[in-house]
Amino acid sequence: DTGVSQNPRHKITKRGQNVTFRCDPISEHNRLYWYRQTLGQGPEFLTYFQNEAQLEKSRLLSDRFSAERPKGSFSTLEIQRTEQGDSAMYLCASSPQGLGTEAFFGQGTRLTVV
Amino acid sequence: TQLLEQSPQFLSIQEGENLTVYCNSSSVFSSLQWYRQEPGEGPVLLVTVVTGGEVKKLKRLTFQFGDARKDSSLHITAAQPGDTGLYLCAGEDSNYQLIWGAGTKLIIKP
């Protein structure tokens, strides 16, 4: 296992198009997080899965955003009808369960909406 | 809403100088983690502190967790250009969620 993998690394799309990103977590980790990060800022929480269950969604996550983790392994994040304000780095992280657990991040998907 | 405030937001110093980055909250955390992030990459974990008053050292980096587990500091001794990056702290709440600071952008000039 080489860590958390995200695809694609970069995505340029026209405003109004739909995009989907994929995250493959570390295999034994049952927690998976999606974050959004803009330049020079810390990660902004979007949503969180415990196995296949989506346990929490940020109020920042509009109806255009949806995430799934159908078999408790990989996850997808879809953005519908993209807007320029969606341009950001989208980070996925996974962690095992328990106190003091550490989040392992993927390299992110950089989205540019033109 | 739990908040984690990091300071300073930006720091640019000469190689060889010492520096301290702070992470403060009014909330108690189960643990606190420090990450470093380089441009175009995801954050990479440096250390996790769990016990109030705990001090951990990683070469020239010293991490301390406050006695009340509400704050933490990162001290770098004799900073080097390779230390340049975005330093992020994240506190773990009672729901195992990570609450993130906004980060400290550190530049070490040769």
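Owing to the predicted nature of the structure, the values given are computational and were not obtained by experimental measurement.

Student: Let's hear about the overall build of chain B: which residues, and what values?
Tutor: Along its length, chain B carries 0 helices and 11 strands. Taken from N to C terminus, the helices and strands of chain B fall in the order β-β-β-β-β-β-β-β-β-β-β. Relative to the globule expectation of 13 Å for 110 residues, the C-alpha radius of gyration of chain B, 13 Å, shows essentially globular dimensions. The dimensions of chain B, computed from C-alpha atoms along their principal axes, are 40 × 30 × 20 Å.

Student: If you had to explain the pattern of salt bridges to someone new, which residues and values would you point to?
Tutor: Residues and elements named next belong to chain B. Counted by the stated rule, this structure contains 7 salt bridges over all chains. Residue Arg36 pairs with Glu38 through a salt bridge whose shortest N-O separation is 2.9 Å. By relative accessible area, Arg36 is classed as partly exposed at 22%. For Glu38, a relative accessible area of 39% gives the class partly exposed.

Student: Explain the state of the cysteines to me, and be specific about the residues and the numbers.
Tutor: Applying the stated criterion across every chain, the model contains 2 disulfides over all chains. A sulfur-sulfur distance of 1.9 Å marks the disulfide that ties A:Cys23 to A:Cys92. Between A:Cys23 and A:Cys92, the S-S dihedral sits near -65°, and the bridge is therefore left-handed. With A:Cys23 in strand E3 (residues 19-24) and A:Cys92 in strand E9 (residues 88-95), the pair connects residues that are 69 residues apart, well separated along the chain. On the basis of relative accessible area, A:Cys23 is assigned to the buried category, the value being 0%. Residue B:Cys23 pairs covalently with B:Cys89 via a disulfide, S to S 1.8 Å. Given an S-S torsion of about 75°, the disulfide between B:Cys23 and B:Cys89 has right-handed geometry. You can see B:Cys23 sitting in strand E3 (residues 19-24) and its partner B:Cys89 sitting in strand E9 (residues 85-92), a full 66 residues away along the chain. Comparing B:Cys23 with B:Cys89 shows no difference in burial state: the two are buried.

Student: Account for the sheet that holds E3(B), naming residues and giving values.
Tutor: Whether parallel or antiparallel, the strands of a sheet pair through hydrogen bonds between backbone atoms. Residue and element names in this part refer to chain B. An order of E1-E3-E8-E7-E6 is seen for the 5 strands of this open sheet, with the pairing classed as antiparallel. Every other strand in the sheet has two partners, leaving strand E1 (5-7) and strand E6 (55-58) as the edge strands with one partner each. The sheet shows a mean angle of 15° between the axes of neighbouring strands, taken without regard to direction.

Student: How would you summarise the packing of aromatic side chains if you had to cite specific residues and measurements?
Tutor: A full pass over the atoms with the stated rule returns 11 aromatic pairs over all chains. A centroid spacing of 5.0 Å and a plane angle of 15° characterise the contact between A:Tyr33 and A:Tyr48, whose relative ring orientation is stacked. Of this pair, A:Tyr33 sits in strand E4 (residues 31-37) while A:Tyr48 sits in strand E5 (residues 44-50), and the two are 15 residues apart along the sequence. Here a set of aromatic residues connected by ring pairs shows up, and it is made of A:Tyr33, A:Tyr35, A:Phe45, A:Tyr48, A:Phe105, B:Tyr35 and B:Trp100. Between the NZ or CZ atom of A:Arg22 and the centre of the ring of A:Phe74, over which it lies, the distance is 3.9 Å.

Student: Give me the lowdown on unusual backbone geometry, citing residues and values where you can.
Tutor: In the segment running from A:Asn7 into A:Pro8, the intervening peptide bond is cis, with an omega of -10°. By secondary structure assignment, the location of A:Pro8 is in the loop between strand E1 (5-7) and strand E2 (10-13). One non-glycine residue, B:Lys59, lies in the positive phi region at around 55°. One non-glycine residue, B:Arg69, lies in the positive phi region at around 60°. Position of B:Arg69 relative to the elements: it lies in the loop between strand E7 (61-65) and strand E8 (71-76).

Reading the values: rules and limits
Residues numbered from 1 in each chain as written. Chains lettered and ligands numbered in written order. Predicted model: local features only at pLDDT ≥ 70, side-chain atom pairs only at ≥ 80, totals over all residues. Heavy atoms only, no water. Helix = DSSP H or I, 4+ residues; strand = E, 2+ residues; numbered from the N terminus. Rg over C-alpha atoms; globule rule 2.2 N^0.38 Å. Salt bridge = Lys/Arg side-chain N within 4 Å of Asp/Glu carboxyl O. Buried < 20%, exposed > 50% of the residue type's maximum accessible area, 1.4 Å probe, protein only. Disulfide = S-S within 2.5 Å. Pairing = 2+ DSSP bridges. Axes fitted to C-alpha atoms, helices over the stretch in contact; angles between N-to-C directions. Phe/Tyr/Trp six-rings, centres within 6.5 Å; stacked < 30°, edge-to-face > 60°. Lys NZ or Arg CZ within 6 Å of the ring centre and 35° of its normal.

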